[in-house]
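So the chains spell out like this:
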Amino acid sequence: PSFSNKNCFSKHMLAHDSGVPFSCEESNESFSKSADLNTHTTERQFVCKICNKYFSNSSRLKRHLHSHGGDRRFVCKQCSKSFSGNYLLKIHMRTHTGERPFVCTICNKCYKQKSSLDVHMSTHNGERPLVCNICSKSYIQKRSLMLHMRTHTGERPFVCNICSKSFSDNSALK
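Parameters and conventions
- Residues numbered from 1 in each chain as written.
- Predicted model: local features only at pLDDT ≥ 70, side-chain atom pairs only at ≥ 80, totals over all residues.
- Heavy atoms only, no water.
- Helix = DSSP H or I, 4+ residues; strand = E, 2+ residues; numbered from the N terminus.
- Buried < 20%, exposed > 50% of the residue type's maximum accessible area, 1.4 Å probe, protein only.
- Areas by Shrake-Rupley, 256 points an atom, 1.4 Å probe, with all protein chains shown as cover.
- pLDDT = per-residue confidence, 0-100.
- Salt bridge = Lys/Arg side-chain N within 4 Å of Asp/Glu carboxyl O.
- Arc of directions from axis to C-beta.
- Contact = heavy atoms within 4.5 Å.
- Expected span 1.5 Å × (residues − 1).
- Polar contact = N/O pair within 3.5 Å; in protein donor to acceptor, adjacent residues only side chain to side chain.
- Disulfide = S-S within 2.5 Å.

1. Overview of the overall build of the chain
So, point 1. Counting its regular elements, the chain contains 6 helices and 12 strands.
So, point 2. In the chain, which comprises 174 residues, the proportion classed as buried is 25%.
So, point 3. In the structure as shown, the chain presents an accessible area of about 11,800 Å², 52% of it carried by carbon and sulfur atoms.

2. Details of the confidence of the model for the chain
Detailed conclusions should not be drawn from predicted coordinates in areas where pLDDT is low.
So, point 1. For the chain, the average pLDDT comes to 76, and 71% of its residues sit at 70 or higher.
So, point 2. Confidence scores differ between elements of the chain, with helix α1 (residues 6-18) showing the lowest mean pLDDT of 50 and strand β7 (residues 102-103) the highest of 94.

3. Overview of the pattern of salt bridges
Side-chain pairing between opposite charges can occur once the charged atoms of the two side chains come close.
So, point 1. The final tally for this structure, using the stated rule, is 3 salt bridges.
So, point 2. Across the salt bridge formed by Lys114 and Asp118, the nearest N and O atoms sit 3.0 Å from each other. On the criterion of helical spacing, the pair formed by Lys114 and Asp118 is a turn pair, its members being 4 residues apart in helix α5 (residues 114-125).
So, point 3. Here Lys114 falls in the partly exposed class, since its relative accessible area comes to 26%.
So, point 4. On the basis of relative accessibility, which here comes to 28%, the residue Asp118 falls in the partly exposed class.
So, point 5. One salt bridge connects Glu155 with Arg150, and the closest N-O pair in it is separated by 3.5 Å.

4. Re helix α3 (residues 58-65)
Each α-helix winds once per 3.6 residues, and so residues spaced three or four apart point in a common direction.
So, point 1. Along α3, the residues classified as buried are Arg60, Leu61 and His64. The buried residues of α3 occupy an angular sector of 100° when projected down its axis, which confines them to one face. Of the exposed residues in α3, those oriented more than 90 degrees away from the buried face are Lys62 and Arg63.
So, point 2. Buried residues along α3 sit against β3 (46-47) and β4 (54-55).

5. Here we look at α5
So, point 1. Between its first and last C-alpha, α5 extends 17 Å over 12 residues, near the 16 Å set by a 1.5 Å rise per residue.
So, point 2. Residues of α5 that are buried: Leu117, His120 and Ser122.
So, point 3. Contacts made by the buried residues of α5 are with β7 and β8 (110-111).
So, point 4. Gly126, located one to two residues past α5, shows a positive phi value of around 75°.

6. Remarks on the side chain of Arg94
So, point 1. Mapped onto the elements of the fold, Arg94 is located in helix α4 (residues 86-97).
So, point 2. Arg94 has contacts with Glu99, Pro101, Phe102, Lys112 and Gln113, leaving out every residue within four places of it along the chain.

7. Digging into the side chain of Arg150
So, point 1. Inspection of the secondary structure puts Arg150 in helix α6 (residues 142-153).
So, point 2. A distance of 3.5 Å separates a polar atom in the side chain of Arg150 from a polar atom in the side chain of Glu155.
So, point 3. Not counting residues up to four positions away in its chain, the partners in contact with Arg150 are Asn52, Glu155, Pro157, Phe158, Ser168 and Asp169.

8. With respect to the state of the cysteines
So, point 1. The full count for this structure, using the stated rule, is 0 disulfides.
So, point 2. The cysteine Cys107 is free of any disulfide, with Cys104 supplying the nearest cysteine sulfur at 3.7 Å.
So, point 3. Its sulfur unpaired, Cys135 is 3.7 Å from the next cysteine sulfur, which belongs to Cys132.
So, point 4. A relative accessible area of 38% places Cys135 in the partly exposed class.

Right, dumping it as structure tokens:
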């Protein structure tokens, strides 16, 4: 793999040395198996009513809610989009620079975010660690499992403001 700088490489090597190469970006907890990380990230019970993102506790949800309108003092100089954190601005800047520092060691496909690379790696190893606790159907992506769960619950949280028809996925409104 290639790394954007020496610090990224050092951080990567620490993951191998510590025996816990999979870490949660939100909680900074580390896991030795990707399946354990996925279990950790799916144990989210607090939901943002604006974007449907899940969180493990109310304080993380409150912190996230600031991203929807709170203090957004980090502003992109190229397009004026604003962010609640410098890290989010840094990720956004990759849309302008084309930087894709996370590289698949198998097929060399590149990604802007580590989480996207992690999902991609599942396509190579056939791992589908996210399992529906009702019908046992398995998924690679957390979002896919969440959408699937709506088939069991009947939840249709996205409503058309013209005809009032509801949908399980917001892509149907576009």
